[in-house]
Amino acid sequence: MKTFIFKTIAVSILIAALGGCSSFLDVKPDEKLTVPNTLLDFLAILNGTEINLGPSEGEIMAGDYYVSDEDFQALFCESDIDTYSWKDSPFIQKCDGDDGWTQNYTNIYRANVALEGLDEFESSKGISEQSSTIRGHALFMRAVNHFELAVIWGEPYDPVDAENRLGIPLKTIADFNEKSIRSNLAYTFAQILKDLEMAAELLPLQRQTNRWPGKYAAWGYLARVYLYMQDFEKAMFYAEQCLSGGHHALINFNTIDVSANYPFNLNSNTEFFVARNLTTAYYSLNINVRKIDTDLYNSYIQDDLRKLAFFRINTDGSIRFKGGQSGSGSLFSGPTLGEMYLIAAETHARNKNYGKARMYLNDLLKNRMKSDYILPHIADEEILDEILLERRKELVMRGIRFGDIKRLNELGANIGLKRIIMGEEHILPPNDPRFNLLIPESVIRISGLVQNKR
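Residues numbered from 1 in each chain as written. Predicted model: local features only at pLDDT ≥ 70, side-chain atom pairs only at ≥ 80, totals over all residues. Heavy atoms only, no water.

Some thoughts on the environment of Asp293
Under the convention used in this document: Elements are defined by DSSP. Helices are runs of H or I of four residues or more, strands are runs of E of two residues or more, and each kind is numbered from the N terminus. The contact definition used throughout considers only heavy atoms, calling two residues in contact when any of these lie within 4.5 Å. Throughout this description, a polar contact denotes any pair of N or O atoms lying within 3.5 Å of each other; where both atoms belong to protein, one of them has to be capable of donating a hydrogen while the other can accept it, and for residues adjacent in sequence the pair is counted only when both atoms sit in side chains.
By secondary structure assignment, the location of Asp293 is in the loop between β6 (291-292) and α12 (294-298). Dropping the residues within four chain positions of it, Asp293 is found in contact with Gly63, Asp64, Tyr65 and Tyr66. Of note is the side chain of Asp293, whose polar atom sits 3.0 Å from the backbone nitrogen of Leu296.

Written out as structure tokens, the structure reads:
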């Protein structure tokens, strides 16, 4: 019976989700389908692999990997080719799965269906611990999906000018007839923070399964969001919340087989807060196709065990990224304890608390370097640059670098990107408008949304 219910709801939500974003996709749901009305129904809506997938367009854009000319010629999807080449691609072609825009708004719709169902359920049957947990789960998923969309399709966040910069359409109800408009960045991030903060109140301290969030997951994303917003005090607060509880622990890389194909095991991993991966829709990110930028690989010293844990040298001498914290070739993108150490270190460094910044950085590196390696003393004036370098190395291929480039360029980092494709040099200069991806043309045509500037 449970299987039947789950399958019925899954089909209902899939069809309804397509229609729920009808201003985006121009598809309407079958209104005869069963409406979810039990706690099991609402939980089923929030289950499944797809709702834990995030957009991979930012990772394609970020420049930490490349594909060979032979593999580039084999790319079959125009959207993949254009994104990798930093060319505007408003006419989105479906590749091996939904693009990030479609994937995330479908997930947001599912969250809204669950939230509206919970409103009705609780009004008649009362609030329970289980209903509150499911509500926290739905709010968490809505916030995370909105945030990922805002980083890729929104303009870079500037706390001084956020009210005048374009954010994204915020979907907070499941009504597919609701007119879609682009909120400014200030309003966009206010909604993301509101959902995450409420989720943090409602969720249990520890996750119940790898794919369900607990308070640590909400705190981890709050730290990530506040860092992107340049609110270093609040980013520091939530990062240190994650570090102080004692419920998670850094993995000492000396204790794992770093030469294994997949050194990490999701079920025994003590660092991650919730399982989330990048979508596999694009062939250029295939584990057999993507190759790590040589300069990035060479930035790991020989005593750095991440060089073995994260990478393997292919027979042609190129560098293969083996996979992240998930224990597979998929690209893990969720928050981890290591990321929280780096956020705490960066925010303390920006506040000139160099002793604490150094402490957090060294605590992380002691668990990443060979056991006999002696950590060098880093001067105060060099500590922030060192933290940012370690951030890039620790969080490689996590879907984070693209947002880092946007936020760091707002702070004057002047980071540009270069790729050589078929012998031709492609340049993405600092603060280029292409860092804000074009909204799919079909969405613009149906909804009348304001397109990103070019």
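There's plenty left to go through after this.
Let's talk about the packing of helix α16 (residues 380-394) against helix α17 (residues 401-410)
We apply this condition: The axes used here are C-alpha line fits, helices contributing only the stretch in contact, and every angle between their N-to-C directions lies in the interval 0 to 180 degrees. Note on angle classes: values under 35 degrees are labelled roughly parallel, values over 145 roughly antiparallel, values of 65 to 115 roughly perpendicular, and the remainder oblique. Note on convention: near helix rotated counterclockwise from far helix by under a right angle means a left-handed crossing. Clockwise means right-handed. Classes in brief: Ala, Val, Leu, Ile, Met, Phe, Trp, Tyr, Cys and Pro nonpolar; Asp, Glu, Lys and Arg charged; the others, Gly included, polar.
Packing of α16 against α17 brings their axes to within 10 Å, and their N-to-C directions diverge by 155 degrees. By the angle class used here, α16 and α17 are roughly antiparallel. For α16 against α17, the interelement crossing comes out left-handed. Along the contact surface, α16 presents Leu388, Arg391 and Arg392, while α17 presents Arg401, Asp404, Arg407 and Leu408. Among the residues making up the contact of α16 with α17, the classes are represented as two nonpolar, no polar and five charged.

Some words on the packing of aromatic side chains
Stated formally: Paired rings are identified among Phe, Tyr and Trp, the last through its six-membered ring, by centres lying within 6.5 Å, and are further divided according to the angle between planes into stacked (under 30 degrees), edge-to-face (over 60) and tilted (the rest). Cation placement over rings: the criterion is NZ of Lys or CZ of Arg within 6 Å of the ring centroid and within 35° of the ring normal.
Evaluated as defined, the whole model comprises 26 aromatic pairs. Pairing Phe76 with Tyr283 gives two aromatic rings, centres 6.1 Å apart and planes at 45 degrees, and the pair type is tilted. Here Phe76 is found in the loop between α5 (69-74) and α6 (78-84), whereas its partner Tyr283 is found in the loop between β5 (277-278) and β6, with 207 residues between them in sequence. Counting every residue linked through ring pairs, the aromatic cluster contains Phe253, Phe264, Tyr297, Tyr300, Phe310, Phe311 and Phe321. The positively charged end of Arg419 is found above the aromatic ring belonging to Tyr65, 5.2 Å away from the centroid.

Digging into the nonpolar core
Here is the rule we go by: By nonpolar core we mean a set of buried residues, namely Ala, Val, Leu, Ile, Met, Phe, Trp, Tyr and Cys, connected to one another through side-chain atoms within 4.5 Å. Each residue gets one of three labels from its accessible area relative to the maximum for its type: buried under 20%, exposed over 50%, partly exposed in between, using a 1.4 Å probe on protein chains only.
Core analysis: the largest hydrophobic core is formed by 99 residues, its most contacted members being Phe140 and Phe189. With 13 residues, the single largest contributor to this core is helix α8 (residues 129-153). Not counting residues up to four positions away in its chain, the partners in contact with Phe189 are Phe147, Ala150, Tyr157, Val225, Tyr228 and Met229. With 32 residues, the next largest nonpolar core counts Phe72, Ile251, Ile292 and Leu296 among its residues.

Points about the environment of Gln451
Following the sequence through the fold, Gln451 ends up in the segment after α18 (441-447). Measuring from C-alpha to C-alpha, the distance between Gln451 and Ile439 comes to 6.3 Å, with 12 residues separating the pair along the chain. Contacts of Gln451, omitting those with residues within four sequence positions, involve Leu166, Arg182, Leu438, Ile439, Glu441 and Ile444. In this structure the side chain of Gln451 is engaged in a polar contact, spanning 2.9 Å, whose partner is the backbone nitrogen of Ile439.

Overview of the pairing of strand β10 (residues 424-428)
Our working rule: Two strands are said to pair when DSSP picks up at least two bridges between them.
Two strands pair when backbone bridges link them, and strand β9 (residues 417-421) and β10 are joined in this way by five bridges, in the antiparallel orientation. Paired with Ile420 across the bridge in β10 is Glu425.

Structural notes on α17
Among the 10 residues of α17, nine are classified as buried, and the element is accordingly described as predominantly covered. Looking only at α17, the buried set comprises Arg401, Phe402, Gly403, Asp404, Ile405, Lys406, Arg407, Leu408 and Asn409. Turning to α17, the residues buried within the fold contact α4 (57-61), α8, α10 (215-228), α14 (337-350), α16 and β9. Gly412 sits one or two residues past α17 and shows a positive phi near 95 degrees.

Looking at α8
Definition in use: Any helix carries an expected span of 1.5 Å times its number of residues minus one.
When the terminal C-alpha atoms of α8 are compared, their 36 Å separation across 25 residues agrees well with the 36 Å that a helix rising 1.5 Å per residue should span. Where burial is concerned, most of α8 is hidden: 23 out of the 25 residues are buried.

Some remarks on the packing of helix α9 (residues 185-202) against α10
Following both chains from N to C, one finds α9 and α10 inclined at 155 degrees, their axes separated by 8 Å at the closest point. Taken together, α9 and α10 sit at an angle that is classed as roughly antiparallel. You can see that α9 and α10 cross each other, and the crossing is left-handed. Each of Phe189, Ile192, Leu193, Leu196, Glu197, Ala200, Glu201 and Leu202 in α9 lies in contact with α10, whose residues at this interface are Lys215, Ala218, Trp219, Tyr221, Leu222, Val225, Tyr226 and Tyr228. Of the residues belonging to the contact of α9 with α10, the class tally is 13 nonpolar, no polar and three charged.

Focus: the environment of Trp153
Along the chain, Trp153 falls in helix α8. For the pair Trp153 and Gln451, spaced 298 residues apart in sequence, the C-alpha separation works out to 9.7 Å.

As for unusual backbone geometry
Positive phi, normally seen in glycine, also occurs at Gln230, with a value near 65 degrees. You can see Gln230 is positioned in the loop between α10 and α11 (232-244). We classify Gln230 as buried; its relative accessible area is 18%. Phi at Asn414 takes a positive value of approximately 60 degrees, unusual for a residue other than glycine. Within the secondary structure, Asn414 sits in the loop between α17 and β9.

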